[in-house]
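The primary structure of each chain is shown beneath.
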Amino acid sequence: MTSNELFDKQLYTLVDLAHGVPNFFDGVFNFLARRTDFYTGAGIDQAKSIVLQAFDKNLEVAQKKAAEEQREREAKEKRAAERRTAETVKQEESSGIKELTDEEAEALERQLDAEKKVKKDSVELGDASTSKKSAQNNDEEEEEDKGKLKPNDGNGCDLESYRWTQTLEEIEVTIPLKVSFFFKSRDVVVDIGKKSLKVGLKGAEPVINGELSKAVKLESATWTLDSAKKTVVVTLEKQDSVQWWSRLVTTDPEINTKRVVPENSKLSDLDGDTRAMVEKMMYDQRQKEMGLPTSEEKKKQEMLQKFMAQHPEMDFSKVRMQ
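Throughout what follows, the structure given in this document is the object of discussion. Being a predicted model, the structure only gives us computed values, none of them experimental.

## Observations concerning the overall build of the protein chain
So, step 1. Of the regular secondary structure elements, the protein chain holds seven helices and eight strands.
So, step 2. Of all 322 residues assigned to the protein chain, the portion counted as buried reaches 22%.
So, step 3. Contacts in the protein chain between residues at least 24 apart in sequence constitute 53% of all its contacts with a sequence separation of at least 6.
So, step 4. When the accessible surface of the protein chain is split by element, carbon and sulfur atoms take 53% of a total near 23,600 Å².

Have a look at this one:
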């Protein structure tokens, strides 16, 4: 163990007692001014030189550490990207789906938008009785939504103690801890369950403590602390990524999810796994509309044909291909 490492525990305790590095340095230089001749013994210039030399010496250590951590993060992200790419290729090979280029994806989006417009126009040209019935249904829905809050600009809700926003995949909760003193992550309580959330400061009443509106994935849940803003940010991945949440915890007021405004996105903006899934769904939909087999049906046909080729002695005349 080096001499520097011997002081780590004591210095960490002092920084913690001082409530931060700025106060710690203020205390150190105040001690040198009162109890030593650091400022006057060798002169002010020499004192400044000693401080700057120590700063520059350890700046290089910090920069090397930061660069090494950055390289490790980049290597980890690269390995994760390679795994996702390999899984996507494997899925495409098994389903018979070819990944679209960005240009092909945009062309497909335009085609689907045009088809939707045609269907919408045909509905609008329906008979008057259908329109009247639809209007009645809308009135009923509006009645049900009375008293519900309008979503904020992040499709969530701004409450007195915290704010939450959402996409179809994630929930982000921002909790300002309204205290005057400095605190660290170890002073914060964040307890995330599959259907529960508790956030607050140790020894104080939690800001959030309740049952979540819907289930989340524990393995991907994260939280961060912004010490400067004294704010905790919790990120949760939804178990069901096709529904909008009407509230964060069951005791919150509901928002009107019919007024949620989803962000526009392109297939080319999606990650590999999501894009492959969407392209497969689009492919299967087009196949059904044309009366052709879907990717799963094609896969079954190929398996049956392979089995028939391996067993020519069997009679398959009554087998109907689907």
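## Section: the sheet that holds strand β4 (residues 188–193)
So, step 1. As summarised here, the arrangement of the three strands in space is β4-β5-β6, forming an open sheet in which the pairing is antiparallel. Strands at the two margins of the open sheet, each flanked by one partner only, are β4 and β6 (208–211). Within the sheet, the average angular offset between the axes of one strand and its neighbour, ignoring direction, is 5 degrees.
So, step 2. Judged from the four bridges that link them, strand β5 (residues 196–201) and β6 form a sheet pairing that is antiparallel. What sits directly across from S196, in β6, is E211.

## Comments concerning the pattern of salt bridges
So, step 1. Counted by the stated rule, this structure contains eight salt bridges.
So, step 2. In this structure, E60 engages K64 in a salt bridge whose closest nitrogen and oxygen atoms are separated by 3.4 Å. Pair noted here: E60 and K64 are both in helix α3 (residues 44–95), with a separation of four residues, about one helical turn.
So, step 3. What makes E60 partly exposed here is its relative accessible area of 46%.
So, step 4. The closest approach of N and O atoms between E296 and K280, which form a salt bridge, is 3.8 Å.

## Topic: the layout of surface pockets
So, step 1. A volume near 900 Å³ is recorded for the second largest pocket.
So, step 2. Considering the residues around the second largest pocket, the lining is formed by 20 residues, among which L11, F24, F25, A54 and N58 are closest to the centre.
So, step 3. Secondary structure elements with two or more residues in the lining of the second largest pocket: α1 (3–17), α2 (21–35) and α3.
So, step 4. Per-element accounting of the lining of the second largest pocket gives the leading share, nine residues, to α3.
So, step 5. Taken together, the residues of the lining of the second largest pocket break down into 15 nonpolar, two polar and three charged.

## With respect to helix α6 (residues 272–289)
So, step 1. When the terminal C-alpha atoms of α6 are compared, their 26 Å separation across 18 residues agrees well with the 26 Å that a helix rising 1.5 Å per residue should span.
So, step 2. R275, A276, E279, K280, M282, Y283, D284 and Q287 are the residues of α6 that are buried.
So, step 3. Backbone geometry just downstream of α6 places G291 in the positive-phi region, at approximately 75 degrees.

## Topic: the nonpolar core
So, step 1. W164, V173, I175, V234 and L248 are the most contacted members of the largest nonpolar core, which totals 25 residues.
So, step 2. Of all the secondary structure elements, the ones that give two or more residues to this core are β3 (170–176), β4, β5, β7 (216–226) and β8 (231–238).
So, step 3. The contact partners of L248, leaving out residues within four places of it in the chain, are Y162, W164, I171, V173, L197, I208, E211, L212 and S213.

## Considering a nonpolar patch on the surface
So, step 1. The grouping of F7, L11, L14 and L17 at the surface amounts to a nonpolar patch, some 410 Å² of accessible area in total.
So, step 2. One can find L17 in helix α1.
So, step 3. When its relative accessible area of 61% is taken as the criterion, L17 is described as exposed.

## Let's talk about the sheet that holds β3
Strand pairing within a sheet occurs via backbone hydrogen bonds; the two strands may be parallel or antiparallel.
So, step 1. Strand order in the open sheet formed by five strands is β1-β2-β3-β8-β7, and the pairing between neighbours is antiparallel. Because the sheet does not close on itself, it has two edges, and the strands there are β1 (157–158) and β7.
So, step 2. Note that β1 and strand β2 (residues 163–166) share two bridges and pair antiparallel. Residue pairing across strands places C157 opposite W164, the latter belonging to β2.

## Considerations on the packing of α6 against helix α7 (residues 295–310)
So, step 1. Relative to each other, α6 and α7 sit at 80 degrees, their axes nearing to 9 Å. Regarding the angle of α6 to α7, the classification is roughly perpendicular. For the pair α6 and α7, contact is made by K280, Y283, D284 and Q287 and by S295, E296 and K298, respectively.
So, step 2. Of the residues assigned to the contact of α6 with α7, the class counts are one nonpolar, two polar and four charged.

## Let's talk about a positive patch on the surface
So, step 1. Among the surface-exposed residues, K76, R79, R83 and R84 lie close enough to one another that they form a single positively charged patch.
So, step 2. A residue is classified by how much of its surface remains accessible, and R83, at 51% relative accessible area, is exposed.

Criteria and cut-off values
- Residues numbered from 1 in each chain as written.
- Predicted model: local features only at pLDDT ≥ 70, side-chain atom pairs only at ≥ 80, totals over all residues.
- Heavy atoms only, no water.
- Helix = DSSP H or I, 4+ residues; strand = E, 2+ residues; numbered from the N terminus.
- Buried < 20%, exposed > 50% of the residue type's maximum accessible area, 1.4 Å probe, protein only.
- Contact = heavy atoms within 4.5 Å.
- Areas by Shrake-Rupley, 256 points an atom, 1.4 Å probe, with all protein chains shown as cover.
- Pairing = 2+ DSSP bridges.
- Axes fitted to C-alpha atoms, helices over the stretch in contact; angles between N-to-C directions.
- Salt bridge = Lys/Arg side-chain N within 4 Å of Asp/Glu carboxyl O.
- 1 Å grid on protein atoms, 1.4 Å probe; cavity = no way out; pocket = protein on both sides within 12 Å on 5 of 7 lines; lining within 4 Å.
- Points joined across faces, edges and corners; volume = space filled by probe spheres on them.
- Nonpolar A, V, L, I, M, F, W, Y, C, P; charged D, E, K, R; others polar.
- Expected span 1.5 Å × (residues − 1).
- Core = buried A, V, L, I, M, F, W, Y, C linked by side-chain atoms within 4.5 Å.
- Patch = residues over 30% accessible without salt bridge, like charges linked within 9 Å, V, L, I, M, F, W, Y side chains within 5 Å.
- Parallel < 35°, antiparallel > 145°, perpendicular 65-115°, else oblique.
- Lys, Arg positive; Asp, Glu negative; His and termini not counted.
- Charge placed at Lys NZ, Arg CZ, Asp CG, Glu CD.

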